[in-house]
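Descriptive analysis of the structure
Listed below, chain by chain, are the residues.
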Amino acid sequence: EISVGLDGKESVFGVINATMRSLPDLERSLCSIYYKKCSVAKFMSILNSLRKMVDTLASCSTEAALLQELVCADERVKRTLDFFLNNISPGAAAEGDTKNLFVNEKELYPEIYECKSNIVRVKKDLECYLAQDIRIRCKKPRAIYRHLKQGSAKGNA
C-alpha cells in the first residue's frame, strides 16, 4: 500500500507533506473552533486551509486504496467547505464585522434578515421621536441616542 504511493519522482506523500507544511496547525485550529475560541477571520483562514488540503488530495492520482477513499470523502467535505466559503463575506470576516458576515443572508437566513430590518426600522422610529420631541423638550438640539453595553451597570446613556 505504501509502496504504491512512493513510485514516481514526486510521490503522493511528498505532495501531501509539502501542502501540510504550508498550512497552519489544523488540529489546534479545529480545537479552537470546537471550543468556540476562534475569531471569524481565523475561521475563514481555517476553511481556506482545509479547502487547499482537499484540493491537494483531489489532485493526487494514486492507486492506494486509503487515499482513494479520502479523495471520495473529500467531495462531501468540499461541498461543505464551498458552502461556507461562498456564503461568508471574506471582507466582513477579516474586519470582524459580524453584522454583515453572510453574503446571501436574505435567502439563507430570512429570520436574521427580518430581525436586522426590524432593528433598522426601530432605529429610524427612535431618531424621528428624538428629533420631534426629546430634543425640543430638553433643549438639546444635538442630543443622540446611545446604548449601554450588555451586563454593564455604568455607561453612556
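Refer to the preceding data block for the structure.
For every chain, the first residue of the written sequence is number 1, and numbering continues from 1 along that sequence. For this predicted model, a pLDDT threshold of at least 70 governs which residues receive local features, and a threshold of 80 or more governs which side-chain atom pairs are given and counted, while totals over whole chains, interfaces and linings are taken from all residues. To obtain the side-chain values, all non-hydrogen atoms of the structure were included, while hydrogens and water were left out.

**Focus on the overall build of the protein**
Helical segments are the DSSP runs of H or I of at least four residues, strand segments are the runs of E of at least two, and each set is numbered from the N terminus. For the protein, the count of helices and strands is 8 helices and 0 strands. With a 1.4 Å probe rolled over the protein chains alone, any residue whose accessible area is under 20% of its type maximum counts as buried; one over 50% counts as exposed, and the rest are partly exposed. Per-residue burial for the protein yields a buried fraction of 23% across its 157 residues. In this description, contact between two residues means that some pair of their heavy atoms is separated by no more than 4.5 Å. Pairs at least 24 residues apart make up 44% of the contacts formed inside the protein by residues separated by at least 6 positions. Here the open area of atoms and residues is found with the Shrake-Rupley method and a 1.4 Å probe, where only the protein chains shown may cover a residue. Carbon and sulfur atoms make up 57% of the accessible area of the protein, which totals about 12,000 Å².

**A closer look at the layout of surface pockets**
In this structure, the second largest pocket encloses a volume near 210 Å³. Lining the second largest pocket are Thr98, Lys99, Phe102, Glu105, Ile112, Lys116, Ile119, Val120 and Lys123. Considering every element that reaches the lining of the second largest pocket, the biggest residue donor is helix α8 (residues 110–138), with 5 residues. For this scheme, ten residues count as nonpolar: Ala, Val, Leu, Ile, Met, Phe, Trp, Tyr, Cys and Pro. Four count as charged, namely Asp, Glu, Lys and Arg, and the remainder, Gly too, count as polar. Here the lining of the second largest pocket is built from residues that sort into 4 nonpolar, 1 polar and 4 charged. A pocket here means an open set of points on a 1 Å grid, computed over the protein atoms alone, that has protein on both sides within 12 Å along at least five of seven lines. A cavity is instead a set of points where a 1.4 Å probe fits but cannot get out; residues with an atom within 4 Å of a point line either one. Grid points are joined across faces, edges and corners, and a volume is the space filled by probe spheres set on the points.

**What to know about the side chain of Ser29**
Its location among the elements puts Ser29 in helix α3 (residues 26–34). For Ser29, a relative accessible area of 3% gives the class buried.

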